[in-house]
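This is what each chain is made of:
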Amino acid sequence: MNGWTSLDRFLRTDPRDVGCSEAVALLHVYVDLVAAGAAAQERYPGIAAHLRACGPCGEDFEGLLAIVQGTGQS
Amino acid sequence: MRLGQEQVSMVMVSSDQELDEVPVNPQLDPDSASWLQWLADTGPRRESALAELHAMLVRAARREVARRGPHQQITGPELEDLAYQAAGDALLAITRKIGQFRGESRFTTWAYKFVVFEVSAKIGRHFWRNPARSLDAEDWDRLPDRFGFDPARESEWRDLLGAVRRAVQTELTPRQREIFVAIVLNDVPLDALVVKLGSNRNAIYKMLFDARRKLRADLVANGYLNDEESRRS
């Protein structure tokens, strides 16, 4: 990815983005869907958009998913 | 005594009353229903459930701290201590909020969420232990590297980044500018900025979101970026 694309991607905002509060409130539900192979992005497009754009929430998602999958819960 | 164990003891002696309000959802999966029953119980069964939950949270916290640790320069005993503190604080949060669990996920996924949040918050605070960290710097020379612009092709992007800098000065509010500079130029993690500004993640994200939208609109209006999906090769 070159600088133009990287900058453009950083500045581009998704109107579906629900913000941190809503994403955090439903993160466990979203992670269980992803872990089960369900269509989490289709069911919660606003959370999916947020997790793509928000570094900390994306990191929390990756961490929770790794824990759930690592404990054999999924 | 580890802090986490101390907190487990605190939970065991203090939260019987709060746990009386645990709702039992008939749609729950059997494992989650068992957790709720055990935690709503009294005596040895509840203590055993709390101890088991704490052990699970410690394992999850270790895993999460180890996953993030290499990027945060946290190692050795400090990493282990952070994991124990996160697990202990998560257990307290879980017992306080267990009445809010509505069975939309597995109980353990809901519980693990708290330990992930605790690790995030503690790593955010850890960032400022390095006295060299500061919000005062405003090094615009870092901008090209931040977005991966090739120094050898500076003539192609110099005007664009000049326009970004101008837009940051003219389009953003002082608070938006402060957040943009901290996160983009100074590479301050958002959770660390939350700690420094005494704010919360949602508020900081929203300000950065609005700043991004304003900057992009300005760059599009001045012909530096395309309104449609622009992808220069």
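Nothing here was measured: the structure is a model prediction, and the numbers come from that model. (Residues numbered from 1 in each chain as written. Chains lettered and ligands numbered in written order. Predicted model: local features only at pLDDT ≥ 70, side-chain atom pairs only at ≥ 80, totals over all residues. Heavy atoms only, no water.)

J.: Where do I start with the interface of chain B and chain A in this structure?
T.: Much of the literature gives interface size as the accessible area that the parts lose upon coming together. Across the boundary between the two partners, chain B contributes 50 residues, which contact 41 residues of chain A. Run the count over chain B and chain A and you get four salt bridges. Those elements that place two or more of their residues in the side of chain B that touches chain A are helix 4 (44-72), helix 6 (107-126), helix 7 (143-147), helix 8 (154-171), helix 9 (174-185), helix 10 (190-197) and helix 11 (201-221) of chain B. Of all the elements, helix 11 of chain B adds the most residues to the side of chain B that touches chain A, at ten residues. Here the residues of the side of chain B that touches chain A sort into 22 nonpolar, nine polar and 19 charged. (Contact = heavy atoms within 4.5 Å. Salt bridge = Lys/Arg side-chain N within 4 Å of Asp/Glu carboxyl O. Helix = DSSP H or I, 4+ residues; strand = E, 2+ residues; numbered from the N terminus. Nonpolar A, V, L, I, M, F, W, Y, C, P; charged D, E, K, R; others polar.)

J.: For this particular structure, what's the right way to read the packing of helix 3 (residues 27-35) of chain A against helix 6 of chain B?
T.: For any two helices packed against each other, one specifies the crossing angle of their axes together with the interaxial distance. One can describe the packing of helix 3 of chain A onto helix 6 of chain B by two numbers: an axis separation of 9 Å at closest approach and a directional angle of 115°. Regarding helix 3 of chain A and helix 6 of chain B, the two cross each other, and that crossing is right-handed. Within the contact between the two elements, helix 3 of chain A uses Leu 27, His 28, Val 31 and Asp 32 of chain A and helix 6 of chain B uses Thr 109, Trp 110, Lys 113 and Phe 117 of chain B. Here the residues of the contact of helix 3 of chain A with helix 6 of chain B are counted per class, giving four nonpolar, two polar and two charged. (Axes fitted to C-alpha atoms, helices over the stretch in contact; angles between N-to-C directions. Left-handed = near helix turned anticlockwise from the far one by under 90°.)

J.: Help me understand the confidence of the model for chain A, please; the structure alone is not making it clear to me.
T.: The predicted coordinates of low-pLDDT regions are not to be read in fine detail. The predicted model of chain A averages 94 in pLDDT, with 95% of residues at 70 or higher. When mean pLDDT is compared element by element in chain A, helix 3 of chain A scores highest at 98, while helix 1 (residues 3-11) of chain A scores lowest at 92. (pLDDT = per-residue confidence, 0-100.)

J.: When you look at the packing of aromatic side chains in this model, what are you seeing that I'm missing?
T.: A ring pair, where both rings are aromatic, is described by two values, the distance of the centres and the angle of the planes. All told, the structure shown has 14 aromatic pairs over all chains when counted by the stated rule. Where Phe 127 of chain B meets Trp 128 of chain B, the ring centres are 4.9 Å apart and the plane angle is 90°; that geometry is what we call edge-to-face. An aromatic cluster of at least three residues, connected via ring pairs, comprises Trp 35, Trp 38, Phe 101, Phe 107, Trp 110 and Phe 114 of chain B. The ring of Phe 10 of chain A carries the charged tip of Arg 146 of chain B above its face, separated from the ring centre by 5.4 Å. The lysine or arginine in question, Arg 212 of chain B, covers the ring of Phe 10 of chain A, its NZ or CZ lying 5.8 Å from the ring centre. (Phe/Tyr/Trp six-rings, centres within 6.5 Å; stacked < 30°, edge-to-face > 60°. Lys NZ or Arg CZ within 6 Å of the ring centre and 35° of its normal.)

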